[in-house]
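# Fold and geometry: a report
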Amino acid sequence: MTTYQDYIKEIEERKQAGLHPKPIDESELLSEIITQIKDTNNEHRADSLQFFIYNTLPGTTPAAKVKSDFLKEIILGESEVAEITPDFALELLSHMKGGPSVKVLLDLALGNDQAIAEKAAKVLKTQVFLYEADTERLEQAYKNGNTIAKGILESYAQAEFFTQLPDVPEKIEIVTFIAGTGDISTDLLSPGADAHSRSDRELHGQCIFEHNKEMQEELKALKAEHPDKRVMLVAEKGTMGVGSSRMSGVNNVALWTGIQASPYVPFINIAPIIGGTNGVAPIFLTTVGVTGGIGIDLKNWVKKKDADGNTVVDADGEPVLEQTYSVETGTVLTIDTKTKKLYKGDEELMDISSALTPQKMEFIKAGGSYAVVFGKKLQSFAAKTLNVEAPVVYAPSKEISHEGQGLTAVEKIFNKNAVGNTPGKVLHAGSNTRVEVNIVGSQDTTGLMTSQELESMAATVISPIVDGAYQSGCHTASVWDKKAQANIPKLMKFMNEFGLITARDPKGKYHSMTDVIHKVLNDITIDDWAIIIGGDSHTRMSKGVAFGADSGTVALALATGEASMPIPESVKVTFKGSMKSYMDFRDVVHATQQQMLKQFGGENVFQGRVIEVHIGTLTADQAFTFTDWTAEMKAKASICISEDETLIESLEIAKSRMEIMIQKGMDNEKQVLQGLIDKANKRIAEIRSGEKPALRPDSNAKYYAEVVVDLDEIGEPMIADPDVNNDDVSKRYTHDTIRPLSYYGGQKKVDLGFVGSCMVHKGDMKILAQMLKNIESQTGNVTFQAPLVVAPPTYNIVDELKAEGDWEVLQKYSGFEFDDNNPKAAARTSYENMLYLERPGCNLCMGNQEKAAPGDTVMATSTRLFQGRVVKDSEEKKGESLLSSTPVVVLSTILGRTPTIEEYEKAVEGIELTKFKPSSKLLTAS
């Protein structure tokens with residue numbers, strides 16, 4: 001059977017699922033298709049032409065090279081295809097977005113046939129995805145006196161690839177579709193359980209609204225009813241896109257409601273429009289910008305005020321909301337991009353200028369932020385080559401500078417890493433910046449999309465600016481099933497060749513490492529002044545400042561070593577008082593959220609801002625528990641301010657971890673890991689000598705707000721509750737309902753416990769071991785009344801526990817222990833009342849492989865309590881995932897219910913749960 005026949009067979013199989021042919025990215029298949037096109041009598045010729053023209057992926061895919069080369073043959077007259085004229089071939093090349101297509105266009109433009117050269121140059125002037133090899137060819141040809149090259153460069157210097165694009169329509173008619181009430185997580189738009197299909201855009205599109213066919217049909221009907229309008233998906237009484245950046249979520253929304261990017265590329269849509277009563281989650285909004293979409297903070301529900309201007313609260317002390325205007329499904333509105341207002345007919349509803357800033361308007365015009373980023377670089381290159389001053393075409397970056405005002409930690413980091421701003425000018429929050437990125441992370445359920453993005457922007461190698469980058473295998477660690485076996489090796493090979501350190505070795509020389517990506521990134525971040533970009537919302541390091549990002553922004557950072565974003569405002573968090581001996585640091589994390597909301601009357605001052613936490617005395621491993629949770633606080637990022645000696649200790653730990661990775665054989669030809677160790681040594685020397693102490697904000701820095709957490713107020717363990725039965729749907733699954741352990745009165749049944757995810761560290765595993773020994777000594781034995789699933793976040797933790805004797809304790813009480821030589825091939829569907837020692841990785845937290853039984857009440861150390869993430873609903877009962885500290889989880893599974901405070905204190909007696917105490921040192925620079 002030929003490759004083409006295999007493809008036809010696959011097409012028939014996809015038809016059964018209501019799917020179109022899968023877009024072609026393989027060179028062998030497209031070569032066979034071209035052979036059939038050349039044979040005018042071939043029975044498959046008509047279909048082959050359709051596949052070649054309309055169903056081949058662009059960029060640097062193997063198929064794109066084959067397509068580009070054949071189009072070149074047609075343009076040069078070496079091959080003749082009646083249906084593809086030379087002019088049409090040039091048009092097809094113009095839609096292929098760089099890589100092989102740009103090489104072919106350059107070959108033609110710099111060739112000997114003047115007529116062809118001029119036509120190819122005209123197409124080249126519309127392209128922006130050029131890399132060093134391309135620009136060097138142009139520069140050399142210009143220096144050799146080539147007039148065509150000069151014309152192209154002159155066009156680039158004027159940024160005609162941008163200026164000659166159609167303007168953004170002045171009025172955009174939209175019709176609303178309520179996607180849900182309350183916060184809408186990206187799981188609703190792209191469920192974690194469907195992560196395996198994200199790179200197959202049409203297939204993945206079927207999972208939107210968690211496969212709710214009724215909602216999908218309603219959306220189709222709405223579109224049919226309003227064919228001249230764009231659909232805006234709305235989070236009523238909530239925030240749209242909480243939980244993660246998830247490019248696949250934006251892709252799904254665009255697929256259902258957006259605009260096709262190119263008539264010759266299937267299932268790649270752009271320009272979705274989304275909104276939320278409380279706006280759009282920051283990292284999800286960045287993803288919307290990648291596609292040239294619009295995200296609107298609707299503010300259609302506001303806090304009700306009494307006659308004296310005070311907020312009216314309900315019986316539970318929660319603010320009462322009142323509607324200012326309706327956006328119920330089917331409401332027709334108008335976005336006026338000129339006045340920057342939202343209208344209903346002639347009635348002005350609100351100002352939406354924040355959704356239509358000059359920079360965002362450029363993204364909309366260009367069809368996404370990538371084209372703007374590459375366009376700016378291309379214009380600068382051309383102007384420099386021609387020795388002319390580039391005209392101001394793009395909106396100038398907003399530069400905000402307040403004389404005499406100090407800098408927050410994030411302002412200091414951005415000023416250090418900024419490129420392209422006014423030389424010598426100090427930038428404060430609100431400034432738009434391009435910054436160099438130090439560390440980049442790609443995770444395995446979005447990595448295939450990142451590789452696709454890299455191919456589509458014609459990138460072939462990691463930027464030399466990046467200090468280090470890592471491709472994880474943690475999100476697919478639990479089950480090595482057929483989906484993982486099909487996707488992950490291909491991903492690791494691509495990323496390894498691109499220049500990343502990879503969790504799995506494509507050559508099979510080192511043992512697979514399924515460590516949680518955030519933990520690895522935390523280790524390879526060796527500078528507290530670093531900027532980190534990672535393909536996961538929990539990319540929040542306790543060194544430097546880290547931003548969770550969509551797969552496309554990760555690709556852009558890998559390809560260019562840069563990212564563009566405004567400098568965020570900061571909220572300062574400090575601590576006072578002292579912790580009780582039986583409290584865990586996780587309780588401090590939850591109490592911070594609770595006390596913040598209390599201090600600010602229910603307003604989440606963390607949302608969209610950087611939390612600058614003056615942690616002081618905790619090493620990076622332990623402090624990560626705080627920074628990790630800031631994703632659930634809806635913060636844009638977080639920064640830990642450490643004492644000098646604490647930072648040195650953290651860097652020494654990071655060095656030792658990287659040395660282990662090197663010993664395993666994970667370093668690459670460029671010795672990236674060794675280079676990071678060398679940089680860590682340099683940073684340690686700077687701190688010890690006093691040349692450059694640990695990062696500190698200035699004493700006269702300005703913050704949006706300051707939160708002081710009173711440790712004396714934390715009298716018992718704190719639990720984040722999804723509050724699944726709250727009468728107000730908008731208040732369910734928010735992460736904002738923080739309750740003390742006593743709220744449950746020792747009566748709430750717990751069906752399953754989970755100790756794992758990025759929120760735990762080695763100390764949590766030792767606490768687990770000590771608790772088991774404690775309980776055995778107190779009661780004579782350890783019996784589990786509910787299953788306890790334990791997934792250490794990293795292999796090095798397992799190795800250290802083995803060396804220190806704690807792993808042996810866990811083995812003693814376990815009924816299952818992972819075996820890397822025989823990994824599970826299927827997800828667990830039921831659990832016994834025992835301890836499971838699972839493979840390092842995300843496990844239940846991710847929800848794409850392992851899950852609790854529907855309707856279970858889960859007590860977990862995880863980060864996610866969204867509906868359906870860890871546990872689905874059953875017909876009889878809503879599944880709920882309560883989030884708490886390790887000791888609470890462990891005791892809950894032994895008792896089969898939430899413990900009383902007395903039972904809890906007894907179980908942790910004599911165990912040092914945390915060493916945290918507020919720093920006694922001045923953690924400011926002056």
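Above this note sits the structure.
Below, the structure is looked at part by part. (Residues numbered from 1 in each chain as written. Predicted model: local features only at pLDDT ≥ 70, side-chain atom pairs only at ≥ 80, totals over all residues. Heavy atoms only, no water.)

Right, let's talk about the overall build of the chain for a bit. Looking only at helices and strands, one finds 31 helices and 33 strands in the chain. Expected size for 926 residues packed as a compact globule is a radius of gyration near 29 Å; at 28 Å, the chain falls within 12% of this value. By its C-alpha atoms, the chain is 90 × 65 × 65 Å across when sized along the principal axes. If you take every contact in the chain between residues at least 6 apart in sequence, the share linking residues at least 24 apart comes to 73%. Here the chain has roughly 35400 Å² of accessible surface; of this, 47% comes from carbon and sulfur atoms. Taken together, the 98 basic and 129 acidic charged side chains of the chain have centroids lying 2 Å from each other. (Helix = DSSP H or I, 4+ residues; strand = E, 2+ residues; numbered from the N terminus. Rg over C-alpha atoms; globule rule 2.2 N^0.38 Å. Contact = heavy atoms within 4.5 Å. Areas by Shrake-Rupley, 256 points an atom, 1.4 Å probe, with all protein chains shown as cover. Lys, Arg positive; Asp, Glu negative; His and termini not counted. Charge placed at Lys NZ, Arg CZ, Asp CG, Glu CD.)

Our focus in this paragraph is the packing of helix 21 (residues 517-524) against helix 25 (residues 644-663). At a closest axis distance of 8 Å, the pairing of helix 21 and helix 25 adopts a crossing angle of 110°. The angle between the axes of helix 21 and helix 25 places the two elements in the roughly perpendicular class. Across the interface between the two elements, Val520, Asp523 and Ile524 of helix 21 pack against Ala654, Arg657, Met658 and Met661 of helix 25. Split into classes, the residues belonging to the contact of helix 21 with helix 25 amount to 5 nonpolar, no polar and 2 charged. (Axes fitted to C-alpha atoms, helices over the stretch in contact; angles between N-to-C directions. Parallel < 35°, antiparallel > 145°, perpendicular 65-115°, else oblique. Nonpolar A, V, L, I, M, F, W, Y, C, P; charged D, E, K, R; others polar.)

Let us look at unusual backbone geometry. At Phe267, a residue that is not glycine, the phi angle is positive and equals roughly 65°. With a phi close to 50°, Gln671 is a non-glycine residue in the positive phi region. By the secondary structure assignment, Gln671 is in the loop between helix 25 and helix 26 (672-689).

As a further point, take helix 30 (residues 886-895). Of all 10 residues that make up helix 30, 9 are buried, and the element is covered over most of its length. Of the residues making up helix 30, those classed as buried are Thr886, Pro887, Val888, Val889, Val890, Leu891, Ser892, Thr893 and Ile894. Tucked into the core, helix 30 has its buried residues touching strand 26 (718-720), strand 28 (752-756), helix 27 (762-779), strand 29 (788-791), strand 32 (857-860) and helix 31 (901-907). Directly beyond the C-terminal end of helix 30, a positive phi value near 80° is found at Gly896. (Buried < 20%, exposed > 50% of the residue type's maximum accessible area, 1.4 Å probe, protein only.)

Here we come to the sheet that holds strand 15 (residues 432-436). Whether parallel or antiparallel, the strands of a sheet pair through hydrogen bonds between backbone atoms. Taken in spatial order, the 3 strands line up as 14-15-21 in an open sheet, and their pairing is antiparallel. The open sheet has two edge strands, strand 14 (418-419) and strand 21 (562-566), and neither has a second partner. Pairing geometry for strand 15 and strand 21, over 5 bridges, is antiparallel. Looking at the pairing, Arg434 lines up with Ser564 of strand 21. (Pairing = 2+ DSSP bridges.)

Strand order across the open sheet formed by 5 strands is 18-17-16-19-20, with parallel pairing between neighbours. Looking along the sheet, the strands with just one partner apiece sit at the ends: strand 18 (501-502) and strand 20 (545-548).

Counted according to the given criterion, the structure contains 20 aromatic pairs. Summarising the aromatic geometry, the rings of Phe575 and Phe626 are spaced 6.3 Å apart at their centres and angled 85° between planes, so their arrangement reads as edge-to-face. Remark: Phe626 occurs in helix 24 (residues 620-629) and Phe575 occurs in strand 22 (residues 570-576); sequence separation between them is 51 residues. By relative accessible area, Phe575 is classed as buried at 10%. Residue classification places Phe626 among the buried positions, given a relative accessible area of 0%. Geometry around Trp301 places Lys237 over its ring, the cationic atom sitting 4.4 Å from the centre. In this structure, Arg504 packs its charged tip against the face of Trp480, placed 4.0 Å from the ring centre. (Phe/Tyr/Trp six-rings, centres within 6.5 Å; stacked < 30°, edge-to-face > 60°. Lys NZ or Arg CZ within 6 Å of the ring centre and 35° of its normal.)

This part covers the side chain of Thr476. With respect to the element layout, Thr476 can be found in the loop between strand 17 (468-471) and helix 20 (482-498). Polar contacts involving the side chain of Thr476 include one to the side chain of Asp444, which spans 2.5 Å. (Polar contact = N/O pair within 3.5 Å; in protein donor to acceptor, adjacent residues only side chain to side chain.)

Take the state of the cysteines next. Inspection of every chain in the model, using the stated rule, returns 0 disulfides. As a non-bridged cysteine, Cys474 has Cys842 as the owner of its nearest cysteine sulfur, 3.7 Å distant. (Disulfide = S-S within 2.5 Å.)

What follows covers the nonpolar core. One finds Tyr470, Phe575, Ile615 and Phe626 to be the most contacted residues of the largest nonpolar core, which totals 133 residues. Ile615 has contacts with Phe575, Phe585, Ala623, Phe626, Cys640, Ile641, Ser642 and Phe916, leaving out every residue within four places of it along the chain. By size, the runner-up hydrophobic cluster in this structure holds 112 residues, among which are Leu71, Phe374, Leu454 and Ala563. (Core = buried A, V, L, I, M, F, W, Y, C linked by side-chain atoms within 4.5 Å.)

Remark: helix 1 (residues 3-16) packs on helix 3 (residues 45-54), axes separated minimally by 13 Å, with the N-to-C direction vectors making an angle of 80°. If you check the angle between helix 1 and helix 3, you find them roughly perpendicular. Packed against helix 1, whose contacting residues are Tyr4, Tyr7, Ile8 and Ile11, the element helix 3 presents Asp47, Ser48 and Phe51 at the interface. In terms of residue class, the contact of helix 1 with helix 3 is made up of 5 nonpolar, 1 polar and 1 charged.

Quick look at the pattern of salt bridges now. Taken as a whole, this structure holds 55 salt bridges when the rule is applied. Between Glu838 and Lys824 there is a salt bridge; the shortest N-O distance is 3.1 Å. In this pair, Glu838 sits in the loop between strand 31 (835-837) and strand 32 while Lys824 sits in the loop between strand 30 (814-817) and strand 31, placing the two residues 14 residues apart along the sequence. Taken individually, Glu838 and Lys824 each receive the classification buried, so the pair is uniform in this respect. Within the structure, one salt-bridge network assembled from shared partners comprises Asp523, Asp621, Arg657, Lys762, Lys766, Glu800, Glu804 and Asp806. (Salt bridge = Lys/Arg side-chain N within 4 Å of Asp/Glu carboxyl O.)

Looking now at the environment of Asp628. Note on placement: Asp628 falls in helix 24. Considered as a pair, Asp628 and Gly868 are 240 residues apart in the sequence and their alpha carbons are 21 Å apart. Sequence-distant contacts of Asp628, that is, excluding residues within four places in its chain, are made with His538, Arg540, Cys758, Met759 and Thr863.

A few words on helix 23 (residues 585-599). Taking 1.5 Å per residue as the helical rise, helix 23 with its 15 residues ought to reach 21 Å, and the 21 Å between its terminal C-alpha atoms agrees with that figure. Of all 15 residues that make up helix 23, 12 are buried, and the element is covered over most of its length. Burial in helix 23 covers these residues: Phe585, Arg586, Asp587, Val588, Val589, His590, Ala591, Thr592, Gln593, Gln595, Met596 and Leu597. Phi for Gly601, located one or two positions after helix 23, is positive at around 60°. (Expected span 1.5 Å × (residues − 1).)

Shape descriptors only; they carry no functional weight alone.
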